[in-house]
Amino acid sequence: MLVCWSSSACQLNCGEPESPTIIDLMLEKCTISNFTRKSYYYFIFHFIYVATLFKHIENAFLPISPKPLIVHDPSLNQGGQVNSPVFAGNPMQNGTAEAVICNSKKLEDAMQEIGLKIKHHEDNIKFLKAQKNRLDDSILDIRVAIGKIHSATGTGSENQESSNGRNEEETIEKILRYNNSAAGICCKLKAQTTPHPLMKDLMGVVALLGKVDDNNLSRILSDYLGLETMLAVVCKTNDGVKALEIYDKEGSINKSSGLHGLGASIARPLDDRFVVICLGNLSPYAGEFIVDDPQRRLAIKKPRYLNEETPPGFLGFAVNMINIDPANLYCVTSTGHGLRETLFYSLFSRLQVYKTRADMLQALPLLTDGAVSLDGGIIKSGGVSVLGEREVEIKFPKSAGRLNLPENYFDTESRMKELKWKRARFVEDLQREQALLDHCKFNFEIKKQEFVKFLAHSSSYVTAPQSPAVGERSTPIS
């Protein structure tokens, strides 16, 4: 007799089901959360049941007899002898058995494939969580180390802000005078205690993302970029750019959403165009960096004459003369780049800085991407000279100079920034793996229900009475 493993699927000679049996309870317990632990036992029971079921089907469809069955051919010879005996079962029954075997194999393969996927994603999640926890520990250790440095030197973040804040506040005040500008709205949002959702992807305004050591340098570099660029809004990704301005179906600006809606809500309606720079769309500097430089300046070759001499009055490249907050030196973009090799390299490229206009003109054959001089000279790329003078209102703030910190302080901060960036990538990978795992869990539940229905459906063939085919007559061989 067939062992009745499932009350819901097979009830051969067992009467009405009394209580949930082994496989019923097992199917209920075999949820996705414990699939990897119980999948082995699940398939063992599955194989036992299916094997027993097939054995019973075989016995029912092909009954065992001490003598073989003879299916008489309608055409007999004159002596009544059978021309050619054919040993066979019912072809309809054989076809049913084959269908049961085929469907069982399909379900078995499908569930095994999903089980392997679930195990793969669970292993990935376990690995990613371990890496994330390791990074959390490292970040905590670095925070403690930085805190000890601040306590020992008396240069906490408050002291840094007090030494640099005055010039930066002056620049912010001048930006806010442009009432209907996007830069003014961004400065207002930055000042809020509760960050606005738009600020998540917003880096700030170009004029506030760098500082310089000299007032003349600040004036000439700001003049070179122009007011429109100095007030440009900088975003990390295209999603941040899209969030700033929303359009209706006709392509017109929706004034009640994005930066336009925020401006209207604080009595600063936007009434002009504004420039937005997306860091993710910029081509970063692809060369080397100056070794052991805490500001990660670019290792650009200095201009030289044929005799290998540097032009008189050459002070450096503008992109390296911008001082950047340590938090923005590393891992600002999703590819791990900082502001110097993305934003400021895009704005200045290899713009050279000279002491005087005369020095700049003397080095004219060596100017590949233009040059400026501290006394007001400007030559842009392509040999375009800018003459005259003008008052520059929005300028880069002046740096307060290097603080009295240990030599490894900036390396430690850079390390912290790099670890935070790596942690963010692991979190993104975790979310992606979790979504894939949830999808596999959903598919598993579907296949589990299909398996239960298959058991119930296949058992009906076994319990059905077996009748010989019409027109057949079988007699034992005498």
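Not measured: the values here are computed from a predicted model.

Peer 1: Would you take a moment to explain the overall build of the chain for this structure?
Peer 2: Counting secondary structure elements, the chain contains twelve helices and eight strands. Residues classed as buried in the chain amount to 38% of the 478 residues present. Within the chain, counting contacts between residues at least 6 apart in sequence, those at least 24 apart form 69% of the total. In the structure as shown, the chain presents an accessible area of about 27700 Å², 53% of it carried by carbon and sulfur atoms.

Peer 1: For this particular structure, what's the right way to read the sheet that holds strand S7 (residues 378–380)?
Peer 2: Consider a sheet: its strands pair through backbone hydrogen bonds, and that pairing is either parallel or antiparallel. Taking strand neighbours across the sheet as the criterion, the five strands line up as S4-S5-S6-S7-S8 in an open arrangement whose pairing is mixed. Only two strands of the sheet have a single neighbouring strand rather than two, namely strand S4 (314–317) and strand S8 (384–386). Neighbour-to-neighbour, the strand axes of this sheet turn through a mean angle of 20°, independent of strand direction. Alignment of strand S5 (residues 352–354) against strand S6 (residues 371–373), held across three bridges, turns out to be parallel. Counterpart to Tyr354 in the pairing with S6 is Ser373.

Peer 1: For this particular structure, what's the right way to read the sheet that holds strand S3 (residues 276–278)?
Peer 2: Read from one edge of the open sheet, three strands run S1-S2-S3, paired in mixed fashion. Unpaired on one side and paired on the other, strand S1 (202–205) and S3 mark the two borders of the sheet. Taken pair by pair, the neighbouring strands of this sheet meet at an average axis angle of 20°, ignoring direction. Packing of helix H5 (residues 182–191) onto the sheet brings it into contact with S1 and strand S2 (233–235), and relative to S1 it is tilted by some 120°.

Peer 1: I would appreciate a short explanation of the pattern of salt bridges in the present structure.
Peer 2: Oppositely charged side chains may form a pair once their charged atoms are brought near each other. Under the definition given, this model contains eleven salt bridges. Of the charged contacts in the structure, one is a salt bridge between Asp136 and Lys132, with a shortest N-O distance of 3.4 Å. Of the two residues, Asp136 and Lys132 are both situated in helix H3 (residues 91–153); the distance of four residues between them amounts to about one turn of the helix. Here Glu428 makes a salt bridge to Arg425, at a shortest N to O gap of 2.9 Å. Taken together, the residues Glu428 and Arg425, both in helix H12 (residues 409–463) and three residues apart, mark about one turn of the helix. On the basis of relative accessibility, which here comes to 38%, the residue Glu428 falls in the partly exposed class. Through salt bridges with shared partners, one network takes in Lys132, Asp136 and Arg423.

Peer 1: Got a minute to help me understand the side chain of Ser218 in this structure?
Peer 2: Following the sequence through the fold, Ser218 ends up in helix H6 (residues 215–225). Accessibility expressed as a relative area gives 3% for Ser218, which makes it buried.

Peer 1: Looking at this structure, I do not really get helix H9 (residues 258–265). What am I missing?
Peer 2: Note: α-helices contain 3.6 residues per turn, so residues at a spacing of three or four share the same orientation. Of all eight residues in H9, six are buried; the element is thus mostly enclosed. Looking at H9, one finds that the buried residues are Gly258, Leu259, His260, Gly261, Leu262 and Gly263. In this fold, the buried residues of H9 make contact with H5 and helix H8 (238–244). Phi turns positive, to about 60°, at Ala267, one or two residues after H9.

Peer 1: Would you mind going over the nonpolar core with me for this structure?
Peer 2: Inside soluble globular proteins, nonpolar side chains tend to come together where they are buried. By size, the foremost hydrophobic cluster in this structure holds 66 residues, and its most contacted members are Leu221, Phe344, Phe348 and Phe396. Among the elements that line this core, the one with the most residues is H5, at six residues. Apart from the residues lying within four places of it in its own chain, the contact partners of Phe348 are Leu221, Tyr224, Leu225, Ala318, Val319, Ile322 and Phe396. Residues Leu135, Ile139, Phe426 and Leu430 belong to the second largest nonpolar core, which totals 20 residues.

Peer 1: Which parts of the structure should I look at to understand the packing of aromatic side chains?
Peer 2: The geometry of an aromatic ring pair is captured by the separation of the ring centres together with the interplanar angle, meaning the angle of the planes. Overall, the coordinates contain six aromatic pairs when judged by the stated rule. Centre to centre, the rings of Phe314 and Phe317 are 5.5 Å apart; their planes meet at 75°, and the pair counts as edge-to-face. Both residues of the pair, Phe314 and Phe317, count as buried. A connected cluster of aromatic rings, assembled from ring pairs, spans Tyr285, Phe289 and Tyr345. Across from the ring centre of Phe289, 4.0 Å away, lies the NZ or CZ of Arg296, which sits over that ring. Here Lys380 stacks its cationic end above the ring of Tyr224, 5.5 Å away from the centre of that ring.

Calculation rules
- Residues numbered from 1 in each chain as written.
- Predicted model: local features only at pLDDT ≥ 70, side-chain atom pairs only at ≥ 80, totals over all residues.
- Heavy atoms only, no water.
- Helix = DSSP H or I, 4+ residues; strand = E, 2+ residues; numbered from the N terminus.
- Buried < 20%, exposed > 50% of the residue type's maximum accessible area, 1.4 Å probe, protein only.
- Contact = heavy atoms within 4.5 Å.
- Areas by Shrake-Rupley, 256 points an atom, 1.4 Å probe, with all protein chains shown as cover.
- Pairing = 2+ DSSP bridges.
- Axes fitted to C-alpha atoms, helices over the stretch in contact; angles between N-to-C directions.
- Salt bridge = Lys/Arg side-chain N within 4 Å of Asp/Glu carboxyl O.
- Core = buried A, V, L, I, M, F, W, Y, C linked by side-chain atoms within 4.5 Å.
- Phe/Tyr/Trp six-rings, centres within 6.5 Å; stacked < 30°, edge-to-face > 60°.
- Lys NZ or Arg CZ within 6 Å of the ring centre and 35° of its normal.

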